[in-house]
Structure formats: structure tokens, C-alpha cells
Amino acid sequence: MAVDFSFLLPLLATSFGIYLILALSFNLEYGYAGQPNLGKVFFYSVGAYAAGAITTRVLWALAGAPANVAFMQAPGAAIRQAFARSNPGAILGLFVVSLLAAAVIGAAVGYLAAYPALRLRGDFLAIVLIAVGEAGRVFGRNYEPLAGGVFGLPGVPNPFAWLPARADYAAYAILVLAIAAGMYLFAVRLSNSPFGRLLKSIRDDELAASVYGKDAPRAKGHILAIGSGMAAVAGALYVFYVQQVYADDFIPLISFAAVTMVILGGVANHKGTLVGAAFMTLVDFVTRPVFLAILGINWQPPFDLNYVRYLVTGLIIVLVLLFRPKGLLAERPVDTVAMRVAQSWKTPATVDEPARDDS
Amino acid sequence: MVDVADLFQSVLIGSLYALMALGLTLTYAVAKIPNFAHAEYVTVGAYTAALVTIAFGGAITLGGSGAAAAIVAAFALAFVVAAAIALLSDELVFRPLFRRAATSLHLLVASIGVGLIIRYALSLLVAPYDFLVVTPRIGKDLIRLPGGEALAVAGAPVTNLLAGAIPTTFGIVAALYLLFTRTRIGKGMRAMASNFDLARVAGIKTTNIRRFTWLLAGGLAGLGGAFWIVDVPGTPEMGWGILLWLFAASILGGFTSFWGTVAGGFIVGFAENLGISALHDGFGVSFSYRPMIALVIIVLVFLIRPQGITGLTTGELVGQIRKRLAALRPMLERA
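How each quantity is defined
Residues numbered from 1 in each chain as written. Chains lettered and ligands numbered in written order. Predicted model: local features only at pLDDT ≥ 70, side-chain atom pairs only at ≥ 80, totals over all residues. Heavy atoms only, no water. Helix = DSSP H or I, 4+ residues; strand = E, 2+ residues; numbered from the N terminus. Buried < 20%, exposed > 50% of the residue type's maximum accessible area, 1.4 Å probe, protein only. Polar contact = N/O pair within 3.5 Å; in protein donor to acceptor, adjacent residues only side chain to side chain. Contact = heavy atoms within 4.5 Å. Patch = residues over 30% accessible without salt bridge, like charges linked within 9 Å, V, L, I, M, F, W, Y side chains within 5 Å. Areas by Shrake-Rupley, 256 points an atom, 1.4 Å probe, with all protein chains shown as cover. Salt bridge = Lys/Arg side-chain N within 4 Å of Asp/Glu carboxyl O. Lys, Arg positive; Asp, Glu negative; His and termini not counted. Charge placed at Lys NZ, Arg CZ, Asp CG, Glu CD. Phe/Tyr/Trp six-rings, centres within 6.5 Å; stacked < 30°, edge-to-face > 60°. Lys NZ or Arg CZ within 6 Å of the ring centre and 35° of its normal. Expected span 1.5 Å × (residues − 1). Buried area = accessible area lost by both parts, 1.4 Å probe.

> How should the side chain of N269 of chain A be read in this particular structure?
Residues and elements named next belong to chain A. By the secondary structure assignment, N269 is in the loop between α11 (252-265) and α12 (270-286). Residue N269 is classed as buried on the basis of its relative accessible area of 9%. A polar contact is formed between the side chain of N269 and the backbone oxygen of A330, at a distance of 2.7 Å. Sequence-distant contacts of N269, defined by excluding residues within four places in its chain, comprise N27, Y32, L329, A330 and R332.

Written out as C-alpha cells, the structure is:
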């Protein structure tokens, strides 16, 4: 049986793009600034709720909001999907607005997370943020007006729903990859900028950075806002990918997956994060029955394949920390023009120059 | 009016939280690990206990001698197996990292990995045998008086679980108190908790005491799990589901305090049962928000008073409240 790549590849690419953005944001916060944001999933879910709530409600209003159809349930979702299929401009515009709104709201919430980050550090900050993430999930699944509570909020159309079947997924995958590539370039530029070096100095020695007149609390607030905004964009992209908002998707394991990608690839190394995200995306896909079926493997294990994924995640965390604490790609010095010039001085060409006569 | 049955449930849950959270506090104090794998020791203990009672099978007739043997074996093995898993996780992962001077944060991340490994290895092991949800053969039951009616206090029935778990917890707390104050090994643990290097220089065998700490922490968690699974059927995720509650209890107690953790366990247990009832009756808060209580406790304690309730005197409490009210007054006057 031929493997159906036209179906598999777009899904793989979309997942990879979303994971990459999430991992990059964690790498900026933890790898560069030393803020262990293990509540990553909270900021991811903020973006998801924002995008889901805005898109469904505006589409509902545009579609005429029939009073006799349930907004939260399948018939309502079908109306939204049908409207999106016949109005490309509306859904694309809503997608852009949702993404921007997710970024802004995520950044604002992330800035609030700087409040605990200024009082706590290391393990205590991590525990508080994990608790915040779980509290967000509990709230989301109980407060129905937000996203339908335990049943979720269906009917967030693919922004390319107006394209023929399959082409919509492919187009969306390309868009997500483009956004992820943009985020990657942004992260690299940011971490090599003076601000990125400031973050590293705070991570390595906050007292010394303060002595040099650097405003450490402000920088922490800024990087948490940036990282959370990125995570929220990833959440919004996820919602348009799975086409629904479902509170119980936002479990702590999402945060831990981002952590795994970063420590596997190498802390404070964006190339490493790229490798880690690619590897974890593959692990994710190989351990889903649907994708095994697409690959033509007909295997019915007596257990849930998800267990294998989580087991592998745990093994990666433990093995990397024990045997390769710096990750696959170790941290490198910042890449600035001055640094490049300084490194070129060490080349033999300069050594071979005739010695200067000092007499 | 407080329902007596609610009160019993709060005391039961509180004492189980205290029992399980004590191990969390121990490993944080002695080994400096906020151990997220602690949840799995609870699960492992619970599964061991349940599977032992199932293995006894037909030999168990309630009230017969087989039942007593099965109960003793179940609880003893729950302690031993969970203790062994805890020791193994330290020997293989935490101690090698600790030797390399890993920070508490690295150890926390490692413990998340260890937790994932134990939890899903257990899931993979039990799934083919249909034990993803497991109920022990000895369940929660009413205690029958010789006359045939159920034992009850103030109209609320006293179950065998209640009669077993609460005295056990109090006994263990008393035994641990003696251990920490009267024995060399307990004093060694306290010395390591307050200053590791000084303890080592003073000639305390830190490696052995560390091993003992892990055995004790895992065993207590396993014992708590064994009681827990009598109350509700277990799944491989059961420990993970209450881990943040145990953290809440431990953190409320200051994260390194023995009596603080015991008190924290009961406070969390009561807040979660009586507290949510009060919120429901008073403010119409839905019972489904129950999990929020422990999470809010964690966040608030860390932000307001990271040392928890330890050392909090009435005078200081009143002083704190006064200080905060005084800080609010200018704002109110402006408004």
C-alpha cells in the first residue's frame, strides 16, 4: 500500500511548526533568561481561548446567528464551517485578527507572570507556574461561556476552508511553517541583540548585571511577555489546526514536551531547539495509531500508544540530563559583528604577519 | 451546620494527604529535590496493595482469617515495593545528578522525567491484563457491631477505612517524631536538611542516611496509596492526579517542616471538603472547582509567605493583617 504523503506531510509540518514556536519561546525564557516557565501550557491555552472565542463569535454574528441553533454544539459548528467555506475574506481576516489578539493577550498575561518571577526563582517559580497552568485548565473546563467547558467549543474553521479538500490542510501547513520560520529568525535576532546579551547576563549573575546598572526585573518582565506572546500564537495556530477549543487538551504534558525539546536539543541554542522540536514531532507521530495506519502498518497493540510517547519523553529527559547535560548542540557564544571580527583575529593569517618592529 | 460525615471524610483525606506529603517534605529537606516522581510512589503502592488482595483471590472471606493475612500482606508489600522504587529512582537518577551539583530546578525536571517513566511503564505493564482501573478485593465497608447494626458516631457511619487509616497516620506521625528526636539516623537526617556539608564533615554517613530517607519517603507514599485505593478505584494516573495537593500540603507547611506538613495535610483536606461546601452554600461556587483550592493555596503561599505556616504565631498573624489593612487605608480614603 502506497503511503499517502499528501495527507501525512501537511499534518506533520503543522505539528512541527506549532511545537517549534512553543519550544523557541521556552528556550528564550529558560535558556537565555533563566526563567523556568513550566506553566508554558497556560500561555498556550490563553492564545487558544482568545483565538477560539473571537473566531467563533464573529463568524456566528456574520452568519446571522440563528437563534434556534445551539452555538456551542455540532449544528452551530456546521454553520460556521459552511460560512467560512463561502467567505474566504472573512475567515482569513479573522485568522489574522485572532493571531494578533492572541499575541497581545498572551504577552499581557505573560507580563503578569513576571510578578511571581520577581519574588521566586528556580524550582519554586517552576512549581507556581505548573500550578497556574493546571488552575487555567480547571477553570477552562468548568467555565462554559469561555470555551464550552468539558465538551469544548467546536467549529473553528481552517482559514483555508474555501480551498478544495486536502489543499486547505497543505496551505495551512505552509502558512504555519512560514510563521514558525519567522519566529525562529526573530528568536535568533533577539538572542544575539544587546537585549539577548542582557538576558544571558541576568541568567548567569543577576547581582553582577544589576551592579552594571541593568534593570533585571524589567528585562524579566519583557522576556516573559515576549515568550508568552509567542506561546499564545502557537496556541492560536493549534486551535485553527484541530478546529476546536478543548480545555482538557491543555495538560501539563504540553509544557513538559516543550521542556524536553529544549533540553534535548541544547539549552540556549536555537538550532538545538529546532532539532529537538523535529525529533519530538516525529516521536509524537510515530506513537499515534492514525499515523501508523497511514504508513500502512497494521498493528493493534494491547495498550494505548500514547503511553509509549510519554515513556519516551520521560526517558529522553532523564538520559539527556544524566549523560549529555548540554543537549545535542551546546550553547555557543553570541553571534555579533564584533564577535565575528574578534574570532577572525585568531586565524593563522594574522599570526603570519611580519612582526612589528618596536624599536 | 457541619455534616458529621463530611467531617469524617475531611479527617480521612487530611490524614492521607499528611501521610503522603511527609515523604515529599523529607526528600525536599534532605535531598533538595521537589520530587514530581513522588506521585508515582503513591500509585505503585496502591497498585501493589490492590493486586495483592486480588492475588489472594478466593482465600479472602470478609471477617475470616484469610482477610487479615491479605490486608497485612497488602499494606506491608505496598510499603516495601514503593520504598524500593523510590530508592531505585534516587540511586539511578537523582544521586548521580546531585553529585554533579545539579540545581534543585534540574532535579525537578529530572523528577518529571522519572515520574513519566514510572507512570507509563506501569500503564504498559498493567494494560494487557485489564488493570488500567483496579479495585482491591477488600473494599471500604461498614464496621458491624456484634448486634448487627453499623458502628456510627453522631449518625455518621465509621468505615473500616476510617478506623484503619486515621490511627495509622497518627501512629506513624508519633513514630517519626521519635525517629527525628531520639535516634542517630533521624538526627542525621535533620542535620543533612539544615546543612549538607557540615553534616558530612561532622562524620554523618550521608549516603546511607540519604538511602534511608528515600526508602522512608517512598514507603510512606506507598502506604498512603494503599489506603487511598480502598477509598476510590485506582488508575496509573491516580498519584499524578493528587500530586499538586501533596505539594500544597507540603508547601503550606514550609516545604521542610515535619509538623508543618502534618498540619498542611489536614488544612488541605479540610479546605477541599468543608471549604468547597462552604463556598458552594455561601457563594454558589460549583463543586467542580474543587481542584482549584489546592492550586490557589500553592500560588498564594509562595507569593505571600514562602516559609508557609511554620513559625506563624497569633501575634504575627494579627500584625500581618493590621499591616495589610493599613496599606489599604490610603487607597480607600482616596476612593
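Back to the text.
> What is the right way to read a positive patch on the surface from this model?
On the surface, a cluster of positive charge is made up of R182, R184, K187, R190 and K205 of chain B. Its relative accessible area of 77% is what places R184 of chain B among the exposed residues.

> What am I meant to see in the packing of aromatic side chains here?
Evaluated as defined, the whole model comprises 27 aromatic pairs over all chains. Taking the centre distance of 5.4 Å and the plane angle of 75° together, the rings of F180 of chain B and F258 of chain B count as edge-to-face. Of the two residues, F180 of chain B is situated in helix α5 (residues 160-182) and F258 of chain B in helix α10 (residues 258-283); the sequence distance between them amounts to 78 residues. Across this residue pair, the class does not change: F180 of chain B and F258 of chain B are buried. Between R309 of chain A and the ring centre of Y310 of chain A, over which it is positioned, the NZ or CZ distance is 5.3 Å. A cation over an aromatic ring shows up here: R210 of chain B above the ring of F98 of chain B, its NZ or CZ 4.6 Å from the ring centre.

> Just to check I follow, could you spell out the environment of P128 of chain B for this structure?
Relative to the assigned elements, P128 of chain B resides in the loop between α4 (104-126) and β1 (152-153). Taking the C-alpha atoms as reference, P128 of chain B lies 33 Å from L107 of chain B; in sequence the two are 21 residues apart.

> Just checking my understanding: could you explain unusual backbone geometry for this structure?
Comment: phi is negative for the bulk of residues other than glycine, and the bulk of peptide bonds are trans. Residues and elements named next belong to chain B. One non-glycine residue, K32, adopts positive backbone phi at about 60°. Unlike most non-glycine residues, F255 shows phi in positive territory, near 75°. Note on F255: relative accessible area 2%, which makes it buried.

> Which parts of the structure should I look at to understand the pattern of salt bridges?
Side-chain pairs of opposite charge can arise whenever the charged atoms involved come near each other. For the structure shown, the criterion picks out 15 salt bridges over all chains. One salt bridge connects D284 of chain A with R288 of chain A, and the closest N-O pair in it is separated by 2.6 Å. Owing to a relative accessible area of 4%, D284 of chain A belongs among the buried residues under this scheme. Residue classification places R288 of chain A among the partly exposed residues on the basis of a relative accessible area of 28%. Linking E91 of chain B and R211 of chain B is a salt bridge whose minimum nitrogen-to-oxygen distance equals 2.8 Å. One end of the pair, E91 of chain B, is in helix α3 (residues 65-99); the other, R211 of chain B, is in helix α8 (residues 206-231), and 120 residues separate them in sequence. On the basis of relative accessibility, which here comes to 26%, the residue E91 of chain B falls in the partly exposed class. A single salt-bridge network, built from bridges that share partners, covers E134, R137, R141 and D248 of chain A.

> It is not clear to me how α11 of chain A should be interpreted in this structure. Could you clarify?
Owing to its 3.6 residues per turn, the α-helix aligns residues three or four sequence positions apart on the same side. All names here are of chain A. With 14 residues, α11 extends 20 Å between its outermost C-alpha atoms, agreeing within 8% with the 20 Å of an ideal straight helix rising 1.5 Å per residue. The buried count for α11 comes to 14 of 14 residues, which makes it a mostly enclosed element. Positive phi shows up at G266, right after α11, with a value of about 130°.

> Which parts of the structure should I look at to understand α5 of chain B?
Across its 23 residues, α5 of chain B extends 32 Å between first and last C-alpha, which sits within 8% of the 33 Å expected from 1.5 Å per residue. Within the span of α5 of chain B, buried status applies to L161, L162, A165, I166, T169, I172, V173, L176, L179 and F180 of chain B.

> What exactly am I supposed to notice about the interface of chain B and chain A here?
Accessible area lost during the coming together of the parts is what is often quoted as the interface size. Taken together, the contact pairs 40 residues of chain B with 41 residues of chain A. Of the roughly 3500 Å² buried at the junction of chain B and chain A (both faces included), carbon and sulfur atoms supply 84%. At the junction of chain B and chain A, the tally comes to zero salt bridges. At the surface where chain B touches chain A, the tally comes to four residue pairs in polar contact (both at pLDDT 80 or more). For the side of chain B that touches chain A, the elements supplying multiple residues, two or more each, are α3, α4, α9 (238-252) and α11 (290-304) of chain B.

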